[in-house]
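Each chain, letter by letter, is given below.
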Amino acid sequence: MQHAIEAEGLVKTYGKGAKAVRALSGVGFAVPSGTVFGLLGPNGAGKSTTTKILTTLSTPDSGSAVVAGLDVATQPGRVRHAIGYVPQKPCFDPTATGRENLTLQGHIYGLSRSDIRTRGDQLLERFGLADAAHRVTKTWSGGMQRKLDVALALMHRPRVLFLDEPTTGLDPEARADMWAEISGVTQADGVTVLLTTHYLEEADHLADRLVIIDRGQVVAEGTPEELKGGLDGDTVQVELADPGQQLAARTAIAAVRGVGEVGVDGARLHASVGNGAATLPGLLAALEGAGVPLASVTVARPSLDDVYLRHAGRSFHSADRAGLAATEVAA
Ligand SMILES: Nc1ncnc2c1ncn2[C@@H]1O[C@H](COP(=O)(O)OP(=O)(O)OP(=O)(O)O)[C@@H](O)[C@H]1O
């Protein structure tokens, strides 16, 4: 199978001495051409650092990467022409109109005047932005602005498109809209998309294949179905009426026959069980016996959260919060 991206053994450390932060500890993966590939991980996992290396904005301490058949270390200029990049922060000019932004982008990439017009029309139409094209973009909604960022990145017809957390900050409707656009990019143009996200459901919905990154390392790789299918059985999730009883609840659940790993995320506990329906009565009885009242109980098939829990040893949401707190302290 042909790969649009091949990364191997990427290592990156920021800073020196006591203040050094190891962001990547040997990240590697391969992205099949024409697919949407997800880089899923909690805050601070190393997704943006990986993306920056693949887009030539940063260099690794060691390791190698080939994007669209080009080596990022020795052919960075050619890589930049072969890719489109949508960073986390908006990159359009808010004081210019949508059309002006696209025209400027076309000039930067050296497109001809007529191509700039045709390609601009095509993208404005495709992203539903044609009616607003003459308005300055600071007056656009968040969803429209995000679509413009993607349109700008596609202006020069890249072979690989990098989207760094494309739906962060969007409301649910704009997010669903963006999901449809991202799927359309691979289907209509055959562009390979590498998407970073810390939304489990986004990776599940969009990615043909994905890697889960945790603390600078790939901890799991596969299609969402493969990853979830790799976990046997069901997951029972209980929400405690009193979060202070976390320890008592965990001890009681772990002792129930048929229960595997138990993860804790605040007032919620997840237990891996062989058969949810068969294990539930014993589990509820154990909690009642331990004097732990519940707010709710759910039995579900494994989710990507369970996959993460299995490989990283903690729940995705608690890792996400911890990463965010660490980043805030660092900033
Ligand atoms: N310029 C920098 N200087 C120092 N540390 C950095 C720098 N950039 C990132 N880091 C640290 O490297 C680690 C990985 O960060 P990175 O931004 O790649 O993670 P991420 O998965 O993209 O997180 P987020 O979802 O919050 O963007 C974190 O611990 C972060 O604080």
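Residues numbered from 1 in each chain as written. Predicted model: local features only at pLDDT ≥ 70, side-chain atom pairs only at ≥ 80, totals over all residues.

## As for the overall build of the protein chain
Then comes step 1: Of regular secondary structure, the protein chain possesses 12 helices and 14 strands.
Then comes step 2: Overall, the C-alpha framework of the protein chain stretches about 75 × 45 × 40 Å when taken along its three principal axes.
Then comes step 3: When each of the 331 residues of the protein chain is scored for burial, the buried share is 40%. (Helix = DSSP H or I, 4+ residues; strand = E, 2+ residues; numbered from the N terminus. Buried ≥ 20, exposed ≤ 12 C-beta atoms within 10 Å, placed from the backbone.)

## Notes on the sheet that holds strand 7 (residues 160-164)
Strand pairing in a sheet relies on backbone hydrogen bonds. The paired strands run either parallel or antiparallel.
Then comes step 1: Read from one edge to the other, the open sheet built from six strands follows the order 6-7-8-3-9-10, with strand pairing classed as mixed. Of all strands in the sheet, those with a lone pairing partner are strand 6 (83-86) and strand 10 (217-222), marking the two edges. The average angle at which neighbouring strand axes cross in this sheet is 15°, direction not considered.
Then comes step 2: Pairing analysis gives four bridges linking strand 3 (residues 36-40) to strand 9 (residues 209-214), with the strands arranged parallel. Looking at strand 9, one finds that Leu 39 is bridged to Val 211.
Then comes step 3: Here helix 5 (residues 142-154) sits on the sheet and contacts strand 6 and strand 7; the angle it forms with strand 6, its principal contact strand, is near 160°. (Pairing = 2+ DSSP bridges. Axes fitted to C-alpha atoms, helices over the stretch in contact; angles between N-to-C directions. Contact = placed C-beta atoms within 7 Å.)

## Side note on the UniProt feature "domain: ABC transporter" (unreviewed entry) in the protein chain
Then comes step 1: Under the UniProt annotation, "domain: ABC transporter" (unreviewed entry) lies at residues 5-240.
Then comes step 2: From the first C-alpha to the last, residues 5-240 spans 44 Å; its make-up is 36% helix and 29% strand. (UniProt positions renumbered as here; feature names shortened; annotations may be inferred.)

## Brief notes about helix 1 (residues 47-54)
Then comes step 1: Counting buried residues in helix 1 gives six out of eight residues, a clear majority hidden from the surface.
Then comes step 2: Residues of helix 1 that are buried include every one of Lys 47, Thr 49, Thr 50, Thr 51, Ile 53 and Leu 54, and no others.
Then comes step 3: Immediately downstream of helix 1, the backbone of Thr 56 shows phi near 70°, a positive value.

## Thoughts on the sheet that holds strand 13 (residues 268-273)
Then comes step 1: Pairing within the open sheet is antiparallel, and its four strands lie in the order 12-13-11-14. On the outer flanks of this sheet lie strand 12 (259-265) and strand 14 (294-300), each paired with one strand and no other. Pairs of neighbouring strands in the sheet enclose a mean axial angle of 15°, with direction left out of account.
Then comes step 2: Pairing between strand 11 (residues 234-240) and strand 14: six bridges, direction antiparallel. Among the inter-strand pairings, Glu 239 is bridged to a residue of strand 14, identified as Ser 296.
Then comes step 3: Docked against the sheet, helix 9 (residues 246-254) engages strand 11, strand 12 and strand 13, running at close to 165° with respect to strand 12.

## Notes on the site of the ligand
Then comes step 1: For the ligand, the set of nearby residues contains 16 residues, the closest of which are Tyr 14, Ala 23, Lys 47, Ser 48 and Thr 49.
Then comes step 2: Looking at the shell around the ligand, the elements that each hand over two or more residues are strand 2 (21-32), helix 1 and helix 12 (316-330).
Then comes step 3: For the shell around the ligand, the class distribution of residues is six nonpolar, nine polar and one charged.
Then comes step 4: Viewed by domain, the shell around the ligand spans two of them, domain 1 (3-227) and domain 2 (229-330), each represented by three or more residues. (Near = placed C-beta within 6 Å. Nonpolar A, V, L, I, M, F, W, Y, C, P; charged D, E, K, R; others polar. Domains from an automatic or database assignment.)

## A look at the domain arrangement of the protein chain
Where the parts come together, the accessible area they lose is often given as the size of the interface.
Then comes step 1: Domain assignment breaks the protein chain into domain 1 (3-227) and domain 2 (229-330).
Then comes step 2: On the side of domain 2, 16 residues touch domain 1, which itself brings 16 residues to the contact.
Then comes step 3: For the side of domain 1 that touches domain 2, the secondary-structure elements that each account for two or more residues are helix 7 (200-206), strand 9, strand 10 and helix 8 (224-229).
Then comes step 4: Looking at the side of domain 1 that touches domain 2 element by element, the count peaks at four residues for helix 8.
Then comes step 5: For the side of domain 1 that touches domain 2, the residue count by class is nine nonpolar, three polar and four charged.

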